[in-house]
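# Results of the structural survey
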Amino acid sequence: MTEETEHVKCLIIGSGPAGFSAAIYAARADMHPVMYQGLQPGGQLTITTDVENYPGYPQGVKGPDMMVEFQEQAERFGTDVRFGMATEVDFTGDVHTVTIDGKKKITADSVIISTGASAKWLGIESEQRLNGFGVSACAVCDGFFYKGQEVAIVGAGDTAAEEASYLSKLCKKVTMLVRRDEMRASKAMQHRVMNAPNIQIMWNTETVEILGENAVEGVRVKNNESGEESEFPITGFFVAIGHKPNTDIFKGQLDMDDVGYLKVKSGSTKTNIPGVFASGDAADKIYRQAVTAAGTGCMAALDAERYLSEKGIH
Ligand code: NDP
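The domain boundaries assigned to the protein chain delineate domain 1 (5-118 + 243-310) and domain 2 (121-239). Each of domain 1 and domain 2 has a C-alpha centre, and the two are 32 Å apart.

Written out as structure tokens, the structure reads:
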């Protein structure tokens, strides 16, 4: 395998609102940022429908459209946006090394991490086997395939409630599988699902197995109070149980909490390694909004700019 090395002043890993905001600021500050977009160019908003809470869009905007505009704005000032996934990092030296797709090496004076977060899964065998064959972690992406059918969704947070509500408009019946006797979702979202005539909530219920050989045909669940198991037919099984930060490649090099959220110095985006900055959902387990991600992306570019000028790198 041939190995090429390229040096850049500012490397941005990840292409959600944090990455593109960092790119806009870094490019306008003449840092000539190079961005690697990762596995999901545009990030989580590309699998969302309407975004109604991002300031500046009074009529709302489609998530994928917003990300196209973010990219256009970053490129307008000269950001070099590339396909590719960071697969390894070495932050031990003065100059940081990031390997892309297992072969290309980039050395960077500053690195901005904006790798975001990914959906969590239950971790049962049938879920993995039937993933893409009726099992999905994105109702907005895949709900359409189950028009007029019966589906189940597991989770009890705002995401699960929002997705259940979305599915209820397409599907004949939606069963929500909630593992406790209450939901974590906001009261407004709870009201919405409880008032939908075709959403049924099963409390204290855990998934034992998703049934079906090559496609989802049903689900076996267990009441965790009575221990009683039951089965019912469905054709779609949606998982909405939260997200995990995409920070595995930084393990052992950057400080993170026990879930994997990167730790930054309070009031900044500085990680424990000088010249490496963290922004967006990868470092935010509390807010996780597009607008907060964009804000910390901007902070990361400003922090990186100051770092470079203090080091005399122009
Ligand atoms: P959350 O972490 O808030 O909720 C995850 C849910 O999944 C919890 O109800 C949890 O149950 C359940 N869960 C976790 N693991 C399992 C499991 N193995 N089996 C069954 N259930 C499980 O994640 P969300 O993605 O819902 O939300 C993330 C953040 O984003 C929150 O802050 C939320 O408010 C926000 N958000 C806001 C929206 C909005 O304002 N429109 C829309 C979507 C998200 P338990 O409660 O028992 O722990």
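Now for the site of the ligand. Taken together, 16 residues are adjacent to the ligand, and D158, T159, E162, R180 and R184 come closest. One of the side-chain nitrogen or oxygen atoms of T159 is found 2.6 Å away from an oxygen atom of the ligand. One nitrogen or oxygen atom from the side chain of R180 is found 2.7 Å from an oxygen atom belonging to the ligand. Out of a free accessible area of 920 Å², the ligand has 72% covered by protein chains. Looking at the shell around the ligand, its residues break down into five nonpolar, five polar and six charged.

On to a positive patch on the surface, then. Taken together, the side chains of K120, R179, R184 and R288 make up a positively charged region of the molecular surface. Mapped onto the elements, R179 comes out in the loop between strand 12 (173-177) and helix 6 (187-195). You can call R179 exposed: its relative accessible area is 60%.

Another point: the sheet that holds strand 11 (residues 150-154). Ordered by their spatial adjacency, five strands build an open sheet running 10-17-11-12-13, and the pairing between neighbours is parallel. Either end of the sheet is taken by a strand with one partner, and the two such strands are strand 10 (135-136) and strand 13 (199-202). Sheet topology places strand 11 next to strand 17 (residues 236-239); four bridges connect them, and they run parallel. The residue of strand 17 that forms the bridge with V151 is G236.

Two strands pair when backbone bridges link them, and strand 14 (residues 205-211) and strand 15 (residues 218-223) are joined in this way by six bridges, in the antiparallel orientation. Bridged to T205 within strand 15 is N223. Counted between consecutive antiparallel strands, the loop separating strand 14 from strand 15 contains six residues, among which G212 sits at a positive phi close to 130°.

Structurally, D257 is set in the loop between strand 18 (243-245) and strand 19 (276-278). Of note is the side chain of D257, whose polar atom sits 2.9 Å from the backbone nitrogen of V259. Within the local environment of D257, its side chain forms a polar contact with the backbone nitrogen of G260, the two atoms lying 2.8 Å apart. Beyond its immediate sequence surroundings of up to four residues, D257 is in contact with K263 and K285.

Further remarks concern the packing of helix 1 (residues 17-28) against helix 7 (residues 290-310). Where helix 1 meets helix 7, the closest approach of the two axes is 7 Å, and the angle between their N-to-C directions is 35°. The two elements helix 1 and helix 7 cross, and the hand of that crossing is right-handed. Together, P17, A18, S21, A22, Y25 and A26 of helix 1 and A290, A293, A294, G297, C298, A301 and L302 of helix 7 make up the contact between the two elements.

The subject of this paragraph is the pairing of strand 7 (residues 96-100). Most of strand 7 is tucked away, with four of its five residues classed as buried. Both strand 6 (residues 86-90) and strand 7 contribute to a ladder of four bridges, which runs antiparallel. Looking across to strand 7, one finds that D90 is bridged to T97. Remark: five residues form the turn of the hairpin made by strand 6 and strand 7, two consecutive strands paired antiparallel.

With that settled, the discussion passes to the pattern of salt bridges. The final tally for this structure, using the stated rule, is 13 salt bridges. In this structure, R82 engages E6 in a salt bridge whose closest nitrogen and oxygen atoms are separated by 2.9 Å. On the criterion of sequence distance, the pair formed by R82 in strand 5 (residues 80-82) and E6 in strand 1 (residues 5-13) is long-range, its members being 76 residues apart. In this structure R82 comes out as buried when scored by relative accessible area, which is 17%. In this structure, K251 engages D248 in a salt bridge whose closest nitrogen and oxygen atoms are separated by 3.3 Å. Residue D248 is classed as partly exposed on the basis of its relative accessible area, which comes to 45%. Each of the salt bridges in this network shares a partner with another, and the network as a whole consists of E6, D80, R82 and K104.

With that settled, the discussion passes to the nonpolar core. In this structure, I12, F20, Y54, M66 and I112 are the most contacted members of the largest nonpolar core, which totals 27 residues. Considering each element in turn, this core owes the most residues, seven residues, to helix 7. If near-sequence neighbours (up to four positions away) are discounted, I112 is found in contact with C10, L11, I12, I13, A22, F277, S279, A300, A301 and A304. Membership of the second largest hydrophobic core comes to 23 residues, among which are V151, L167, C171 and M183.

By the element assignment, S136 lies in strand 10. We classify S136 as buried; its relative accessible area is 4%. Within the structure, S136 has its side chain in polar contact with the backbone nitrogen of C138 (distance 2.9 Å). A distance of 2.6 Å separates the side chain of S136 from the side chain of D142, its partner in a polar contact. Residues contacting S136, with those up to four places away along its chain left out, are W121, D142, F237, F238 and V239.

Conventions we followed
- Residues numbered from 1 in each chain as written.
- Predicted model: local features only at pLDDT ≥ 70, side-chain atom pairs only at ≥ 80, totals over all residues.
- Heavy atoms only, no water.
- Domains from an automatic or database assignment.
- Near = heavy atom within 4 Å.
- Polar contact = N/O pair within 3.5 Å; in protein donor to acceptor, adjacent residues only side chain to side chain.
- Areas by Shrake-Rupley, 256 points an atom, 1.4 Å probe, with all protein chains shown as cover.
- Nonpolar A, V, L, I, M, F, W, Y, C, P; charged D, E, K, R; others polar.
- Patch = residues over 30% accessible without salt bridge, like charges linked within 9 Å, V, L, I, M, F, W, Y side chains within 5 Å.
- Salt bridge = Lys/Arg side-chain N within 4 Å of Asp/Glu carboxyl O.
- Lys, Arg positive; Asp, Glu negative; His and termini not counted.
- Charge placed at Lys NZ, Arg CZ, Asp CG, Glu CD.
- Helix = DSSP H or I, 4+ residues; strand = E, 2+ residues; numbered from the N terminus.
- Buried < 20%, exposed > 50% of the residue type's maximum accessible area, 1.4 Å probe, protein only.
- Pairing = 2+ DSSP bridges.
- Contact = heavy atoms within 4.5 Å.
- Axes fitted to C-alpha atoms, helices over the stretch in contact; angles between N-to-C directions.
- Left-handed = near helix turned anticlockwise from the far one by under 90°.
- Core = buried A, V, L, I, M, F, W, Y, C linked by side-chain atoms within 4.5 Å.

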